[in-house]
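Each chain is listed here by its residues.
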Amino acid sequence: MPAAGERSAARREATGRRLARFAALRGGAGRGRWGPARAYRRQLAEKLRGRELPLGARYHVFVDPPGPKIGNGGSTLHVLRCLEDLYGDKWTSFIVLLIHSGGYSQRLPNASALGKIFTALPFGDPVYQMLDLKLAMYIDFPSHMKPGILVTCSDDLELYSTGLTETITFDKPGFTALAHPSDLTVGTTHGVFVLDPSSISGKGGLEYTSCHHFLHKPDVETMRQCGAVCVRGNSSQLSSSGDHSDSEMDSECVYTDSIFYMDHSVAKQLLMFYKQIGTLSCEIDAYGDFLQALGPGATQDYTKNTSNVTKEESQLVEVRQKLYSLLKGTALNVIVLNNSKFYHIGTTQEYLFHFTSDSKLKFELDLLPVAFSSFSEKAESLDQSASVIQSILEPGCSVGPGSVIEYSRIGPEVSVGKKSIISGSHINVKVDIPSNCFLSSLSIKINGQVKYISMVFSVEDDLKRSVKLLSEIHSLQFFGVSLLECLELWGVKVSDQLFSGENTRLGLWTARIFPVCSTLSESVRMSLKMLNSVRHMSAFKLHGFKLLSVEEMLTYKDVEDMLKFRKQIYDEICLQRQKEKSDL
């Protein structure tokens, strides 16, 4: 059996091949007819103008209907409706790639303003974003796919290697899902397929089988009881964990989900169902609520289990039961990718780990320490484990190990500590940015005027956590200090006006603590002063400033101005490269 290193090398080689094919299509007339908000449309238009995407496909951005959140399952149904509205019956002849790109990205806030699908990656010229990489990884699919819908998310990647003569084909009726051998802990946060063990040998790059039934985020005991755990001994078992350990040699594994395909007969049934419901007022999970109804072993039990649901709505159980009745008996075909690895880049910790540490993803994608950036090697100290993406580092600055700088301009007297994230910022003052610092700047528009605001946190702060009462906000932590103490240092009063949105979600996401400024560099300076006051327990009063929460800055964001700043950096790097060439 090939060693883990050899398998990783095979994935690297296969990934490189796909990227090369995609690079040839960038700006060309792509043959696959992938059919993928204003921020998204604007960025898509920019990417097409810059010839960064295949031009032959049709790209659409569909926004969920107004009203309650409907989850990625509800969004899938809504997209089918939008396609029918646009194309009539013709949509059933299309091959569609549907990428769920929504969400507030509270666990990776540098993606909040412009979307996770546009997260920059440390390679490529111009730099690749998640969208480019998704299209590159699926580049072989359209030519082996019957009309239908391929559903994926915007913050995960599947890297895989198959035999040269093996092809991944999506041509069966019903649903078809990719499966990745994973260790059991990964299974607890994913979907898990219960397969007939005799139908998989673990040999070769891929194997076709069908699923008895599908488990959604099961605990280990449930996996064992349902027969989902395979004992592979020392066979060619692989792990698809996105974590830090190398568990590719584990003897026990489960097969976990990533992307799935549905043919048009199923898609039409789902669209009919959506029209019959009228208005959807609950969150449906495309994985949990569609796939759990499939396969001969499916039962209705899951329809009443709401333990994984963020907000239980009265309609949920009823909608699940209707979906179960509709989909029951539909096949769930599975393509087992024996040499594959699933990576998730949805949190600050995962982002830092995969881009800067000695991760498998870094090796398999050939990620660079400096991608499309300008810095003079003689002048500043840049740790080799740092990652710099489309940024300008002026002579004299230093960047510590394990930090990521993206779309930023860093002045000569700036020192960035370890494991920090700097995004969209202009820092032109003498400053030491501490380790584990998260700093992200946004352009906003208030009353027709462009202003700037920078959020600053610890990379370990929990922006999703909230309390219900003002008397409980002492339990919220900002850079390891009680938020209540921070507010005192900043001279900010505790009142009902302190938090934006519904007054039952009091947390770092809704706290009005960040000052609106007239320049980008000034907003960075103010936020770093706030952080400094907390680190040194010295007062820094925020009097006279308009203060916004992260939630509010996202509603006021000025996408045009943010993209303009990125374009200025891009143009300056191009100019410098031309100058360097002519100097040679």
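Residues numbered from 1 in each chain as written. Predicted model: local features only at pLDDT ≥ 70, side-chain atom pairs only at ≥ 80, totals over all residues. Heavy atoms only, no water.

Named according to an unreviewed UniProt entry, the chain is FPGT guanylyltransferase originating from Rissa tridactyla.

Enquirer: Please give an account of empty space enclosed by the protein that cites residues and values.
Expert: The computed volume of the largest cavity comes to approximately 150 Å³. Broken down by secondary-structure element, the contributors of at least two residues to the lining of the largest cavity are strand S23 (437–446) and helix H15 (559–583). The element best represented in the lining of the largest cavity is S23, accounting for four residues. Grouping the constituent residues of the lining of the largest cavity by class yields nine nonpolar, six polar and one charged. Two domains each provide a minimum of three residues to the lining of the largest cavity, namely domain 1 (4–231 + 252–344) and domain 2 (369–573). Contributing to the lining of the second largest cavity are Asn110, Ala111, Leu114, Gly115, Phe118, Thr119, Ala120, Glu406, Tyr407 and Arg566. For the lining of the second largest cavity, a count of residues per class yields five nonpolar, three polar and two charged. Counting residues domain by domain, the lining of the second largest cavity receives three or more from each of domain 1 (4–231 + 252–344) and domain 2 (369–573). (1 Å grid on protein atoms, 1.4 Å probe; cavity = no way out; pocket = protein on both sides within 12 Å on 5 of 7 lines; lining within 4 Å. Points joined across faces, edges and corners; volume = space filled by probe spheres on them. Helix = DSSP H or I, 4+ residues; strand = E, 2+ residues; numbered from the N terminus. Nonpolar A, V, L, I, M, F, W, Y, C, P; charged D, E, K, R; others polar. Domains from an automatic or database assignment.)

Enquirer: Tell me what's going on with a positive patch on the surface, and back it up with residues and numbers.
Expert: On the surface, Lys69, Arg107, Lys217 and Lys464 cluster together into a patch of positive charge. Examined against the element boundaries, lysine 464 turns out to sit in the loop between strand S24 (449–458) and strand S25 (466–467). (Patch = residues over 30% accessible without salt bridge, like charges linked within 9 Å, V, L, I, M, F, W, Y side chains within 5 Å. Areas by Shrake-Rupley, 256 points an atom, 1.4 Å probe, with all protein chains shown as cover. Salt bridge = Lys/Arg side-chain N within 4 Å of Asp/Glu carboxyl O. Lys, Arg positive; Asp, Glu negative; His and termini not counted. Charge placed at Lys NZ, Arg CZ, Asp CG, Glu CD.)

Enquirer: An account of helix H9 (residues 314–327) is needed here, citing residue identities and associated values.
Expert: When H9 is considered as a whole, its buried residues turn out to be Gln315, Leu316, Val319, Arg320, Leu323, Tyr324 and Leu327. Tucked inside the fold, the buried residues of H9 contact strand S4 (175–182), helix H7 (264–277) and helix H8 (286–291). Glycine 329 sits one or two residues past H9 and shows a positive phi near 90°. (Buried < 20%, exposed > 50% of the residue type's maximum accessible area, 1.4 Å probe, protein only. Contact = heavy atoms within 4.5 Å.)

Enquirer: How would you sum up the pattern of salt bridges? Please name residues and give values.
Expert: Close approach of charged atoms lets side chains of opposite charge pair. Under the definition given, this model contains 27 salt bridges. Two residues, glutamate 522 and arginine 525, come together in a salt bridge whose shortest N-O distance is 3.0 Å. Note that glutamate 522 and arginine 525 are positioned in helix H13 (residues 520–535) at a spacing of three residues, about one turn of the helix. Classification of glutamate 522 as partly exposed rests on a relative accessible area of 24%. Across the salt bridge formed by lysine 567 and aspartate 571, the nearest N and O atoms sit 2.8 Å from each other. Of this pair, lysine 567 and aspartate 571 both sit in helix H15, four residues apart, roughly one helical turn. Take lysine 567: its relative accessible area is 39%, and that puts it in the partly exposed class. Assessed through its relative accessible area of 33%, aspartate 571 is described here as partly exposed.

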